[in-house]
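Breakdown of the fold
Given next are the chains, with one letter for each unit.
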Amino acid sequence: MADIGVIVTFTDEAGVLVGSLDIPIQGLEGLALEIREVSPERIVFSIIGIPGDPTFAGDLGNDFIEGTFRQNGQELSFALDRVAEGEAPIGLNRPQEPVPPFPYREEEVRYRSGAVTLAATLTLPEGPGPHPAVVLITGSGPHDRDGTLADHRPFLVLADRLAREGFAVLRSDDRGVGGSGGNLSQTTYQELTDDVLAGVDLLLARSDIAADRIGVFGHSEGGYLGPLAAVRSDDIAFVIMMAGPSVPGLEVLLIQNRLIFLLADADEGAIENQIAYLEVFAEALRQEDYQLAEAILRAEIAEQLAALPSDQRPPPDAIEEIVEAQVANSISPYIRELLIYDPQPTLRQLTVPVLAFYGTLDVQVPPVQSVGWLTGALRWAGNTDYTVEVFEGLNHLMQPAITGAIEEYDQIEITMAPEVLELVADWLRQRFR
């Protein structure tokens, strides 16, 4: 697990040792500690209220504590050095954001996908080429070409790293975002796959791109679209899936909601109600009964608003606007595709080299749900070159995390764990440089 910079503060309160823990890069402050054991040579303490019983057990020196950290059955070494009293913790930043001068160049490009024009950035390594290339595919919902989410720009960081490794990278704004035309909510997976293939065609037409070494990299929902594109086109040489699901969208959404509700300490009744709602809503969309789906959604929103404390409930004149916005975002062909799509038939045809990786703290695409189905499908396809990795302690964005909760994303400084970037770079170097 990556170093995430823990700050532990101990104080003596009326002869009793008490402690708190801060993790500045994740924006966590004042987590209460339980001191389980203390002596002149040793201390054992745990973080109260965090799942998995996170516990530090270490030897005491004059200016350090060194020992073992345990959580959820996993064990890691740690070392804490004494910090001068009053020294301010490191502020949040984005240390992986690329800073010029760059050993590569960037071109702004535009290309057609059917009736839609897409805007993108093509990052090109130094030298004339031809260069191997990667087309990046964002996750669900509207995203810009950098994959901007929670004040992070993971596709910018990834493009920078891959260009330094000698790979050209194409990253585009989604339909209806930035410089791209179209309307994502009215788009099908067939059309989104067309967008990926249009990017591949752009690269194929360039003399500085190696036509036999063009692949795709999809994050989350992009892990659905990348294999779809590869099965449709003989021009795609490899597929990389970052937190890419390998089961139908509804199944992903059900376990995702359960995990998110559990992190919020919801009771089992509330969780089961949410699951039941999602199932009937998805079935209405599956049947393309948008009128019924809208009625189900409106009833659910009304129930959620009614359950809010009166001081948190929006004013009556704002409720209609809130409801209409949610309906517009949720009742669409795109959402239907996301919920009903089953990737297994496509994955069982995927014979090009595949790299897939997941994080154990991913609550949006948990590896326990997808890894087995993915490896089984690739074996079914007779694929002889696939790598599947699961990283301990990383979340859906491949950041070092504490719980994996979505609320942590923007509090973590790291955009993408260095070990993940190294895996991708090394895997590509071995096969396509």
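To be clear, the structure that these remarks concern was listed above.
Worth saying up front: this structure is predicted, and the values here are computed from it rather than measured. (Residues numbered from 1 in each chain as written. Predicted model: local features only at pLDDT ≥ 70, side-chain atom pairs only at ≥ 80, totals over all residues. Heavy atoms only, no water.)

1. Digging into the packing of aromatic side chains
Note the following rule: We call Phe, Tyr and Trp rings a pair once their centres come within 6.5 Å, taking the six-membered ring for Trp, and we label the pair stacked below 30 degrees between planes, edge-to-face above 60, and tilted otherwise. Comment: elements are numbered from the N terminus, with helices defined as DSSP H or I runs of at least four residues and strands as E runs of at least two. For the exposure calls, accessible area comes from a 1.4 Å probe over protein chains only, and a residue counts as buried if that area is under 20% of its type's maximum, exposed if over 50%, partly exposed in between. Whether a charge sits over a ring comes down to the Lys NZ or Arg CZ being within 6 Å of the ring centre and within 35 degrees of the ring normal.
What the rule picks out here adds up to 15 aromatic pairs. A centroid spacing of 4.9 Å and a plane angle of 20° characterise the contact between Phe45 and Phe56, whose relative ring orientation is stacked. With Phe45 in strand S4 (residues 42–47) and Phe56 in strand S5 (residues 55–60), this residue pair connects regions lying eleven residues apart in the sequence. The class for Phe45 is buried, based on a relative accessible area of 0%. Here the aromatic cluster, defined as three or more aromatic residues joined through ring pairs, consists of Phe10, Phe45, Phe56, Phe69 and Phe78. Here Arg348 stacks its cationic end above the ring of Trp380, 4.3 Å away from the centre of that ring.

2. Looking at the nonpolar core
The criterion, for reference: For our purposes a nonpolar core is just a set of buried Ala, Val, Leu, Ile, Met, Phe, Trp, Tyr and Cys residues, chained together by side-chain atoms within 4.5 Å. Contacts are residue-level and defined by heavy atoms, with any inter-residue pair within 4.5 Å sufficient.
Counting residues in hydrophobic clusters, the biggest one holds 67 residues, and the most contacted among them are Tyr111, Leu170, Tyr189, Val239, Phe281 and Leu350. With residues near it in sequence (within four places) discarded, Leu170 still touches Val109, Tyr111, Ala120, Thr121, Leu122, Val134, Val135, Leu136, Gly199 and Leu202. The next biggest cluster of nonpolar side chains, apart from the first, holds 29 residues, and it includes Leu158, Ala159, Leu162 and Leu394.

3. Remarks on a nonpolar patch on the surface
Rules: The patches reported here contain residues having more than 30% relative accessible area and no salt bridge. Joining distances are 9 Å for like charges and 5 Å for nonpolar side chains (Val, Leu, Ile, Met, Phe, Trp, Tyr). The protein chains shown are the only cover counted for residues, whose accessible areas, like all others here, come from Shrake-Rupley with a 1.4 Å probe. Basic side-chain nitrogens of Lys or Arg form a salt bridge, by our definition, when they fall within 4 Å of a carboxyl oxygen of Asp or Glu.
A surface patch of nonpolar side chains, about 210 Å² in accessible area, is lined by Leu17, Val38 and Leu60. Along the chain, Leu17 turns up in strand S2 (residues 16–23).

4. Topic: the sheet that holds strand S14 (residues 354–359)
For clarity, the cut-off: Strands are labelled as partners when DSSP assigns at least two bridges between them. Axis angles are defined between N-to-C directions and span 0 to 180 degrees, where every axis is a line fitted to C-alpha atoms and, for a helix, only to the segment in contact.
On the basis of which strands lie adjacent, the open sheet formed by eight strands has the order S8-S9-S11-S10-S12-S13-S14-S15 and mixed pairing. Each edge of the open sheet is held by one strand with a lone partner, namely strand S8 (104–113) and strand S15 (386–391). When the angles between neighbouring strand axes are averaged without regard to direction, this sheet yields 20°. Relative to strand S12 (residues 209–219), strand S10 (residues 131–137) runs parallel, the two being bridged by six bridges. Bridge pairing in S12 links Val135 to Val216.

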